[in-house]
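A closer look at the structure
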Amino acid sequence: MAFSRLTFVLDSVEVLANLDSSASMMRSLVQIDMGEVVGKDLEGLRGWREVSKLATGVAGSEDMGRIYYKPDGDRVLVSVHVKQDDKEQRRHIERLRSI
């Protein structure tokens with residue numbers, strides 16, 4: 001339990017496991033777990049924030065890593081995502097709406 005406050009949602013654990021380089025994602029997750037406010041408000045989704053342009057190490061989507069998170073009491077809901085294109089990213093954000 002490296003991240004005691006974080007609750008990973010959707011396919012976040014699988015996404016993390018498939019990154020070629022997870023260092024920048026891990027740095028951001030540590031900051032979020034420590035209660036730091038990082039990233040920017042996610043437009044159109046109240047309470048959620050987005051940390052963007054994170055390195056993935058995956059050819060073709062090197063800086064397409066995204067972390068979406070929402071404080072929820074003592075825990076923080078976290079979605080780790082690798083953006084493919086704008087349309088696919090909008091679908092992912094819509095999935096967050098139901099959480």
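Details of the structure are given in the entry above.
Residues numbered from 1 in each chain as written. Predicted model: local features only at pLDDT ≥ 70, side-chain atom pairs only at ≥ 80, totals over all residues. Heavy atoms only, no water.

**Regarding the pairing of strand S3 (residues 49-54)**
With 2 bridges connecting them, strand S2 (residues 40-41) and S3 associate as antiparallel partners. Bridge assignment links Asp41 to a residue of S3, and that residue is Arg49. Where S3 meets strand S4 (residues 65-72), 4 bridges bridge the pair, whose relative direction is antiparallel. Following the sheet pairing, Leu54 is matched in S4 by Gly65. (Pairing = 2+ DSSP bridges. Helix = DSSP H or I, 4+ residues; strand = E, 2+ residues; numbered from the N terminus.)

**Some details on the environment of Phe8**
Here Phe8 lies in strand S1 (residues 6-8). For the pair Phe8 and Gly39, spaced 31 residues apart in sequence, the C-alpha separation works out to 17 Å.

**Overview of the side chain of Glu88**
Structurally, Glu88 is set in helix H3 (residues 86-97). Despite its burial, Glu88 pairs with no opposite charge, the nearest such side chain being Arg91 at 5.6 Å. (Buried < 20%, exposed > 50% of the residue type's maximum accessible area, 1.4 Å probe, protein only. Lys, Arg positive; Asp, Glu negative; His and termini not counted. Salt bridge = Lys/Arg side-chain N within 4 Å of Asp/Glu carboxyl O.)

**Topic: the packing of aromatic side chains**
Aromatic ring pairs are defined here through the distance separating the ring centres and the angle between the ring planes. Here the structure, examined in full by the defined rule, presents 1 aromatic pair. Where Phe3 meets Phe8, the ring centres are 6.2 Å apart and the plane angle is 70°; that geometry is what we call edge-to-face. (Phe/Tyr/Trp six-rings, centres within 6.5 Å; stacked < 30°, edge-to-face > 60°.)

**Brief notes about the sheet that holds S4**
Taking strand neighbours across the sheet as the criterion, the 5 strands line up as S1-S5-S4-S3-S2 in an open arrangement whose pairing is mixed. At either margin of the open sheet sits one strand with a lone partner, and together these are S1 and S2. Here 8 bridges tie S4 to strand S5 (residues 75-82), and the two strands are oriented antiparallel to one another. Bridging across to S5, Gly65 finds its partner in Val82. Packed onto the sheet, helix H2 (residues 23-33) meets S1, S3, S4 and S5 and runs at close to 10° relative to S4. Against the sheet, H3 makes contact with S3, S4 and S5, and its axis sits at roughly 160° relative to S5, the strand it touches most. (Contact = heavy atoms within 4.5 Å. Axes fitted to C-alpha atoms, helices over the stretch in contact; angles between N-to-C directions.)

**Here we look at the layout of surface pockets**
What the largest pocket holds in volume is close to 160 Å³. The wall of the largest pocket is formed by Lys40, Asp41, Leu42, Glu43, Gly44, Leu45, Glu50, Arg90, Ile93, Glu94 and Arg97. Broken down by element, the lining of the largest pocket gets its largest block of residues, 4 residues, from H3. For the lining of the largest pocket, the per-class residue count stands at 3 nonpolar, 1 polar and 7 charged. (1 Å grid on protein atoms, 1.4 Å probe; cavity = no way out; pocket = protein on both sides within 12 Å on 5 of 7 lines; lining within 4 Å. Points joined across faces, edges and corners; volume = space filled by probe spheres on them. Nonpolar A, V, L, I, M, F, W, Y, C, P; charged D, E, K, R; others polar.)

**Some remarks on H2**
By the burial criterion, the buried members of H2 are Ser24, Met25, Ser28, Leu29, Ile32 and Asp33. Looking at the buried residues of H2, the elements they touch are S1, helix H1 (12-17), S3, S4 and S5. Gly35, located one to two residues past H2, shows a positive phi value of around 95°.

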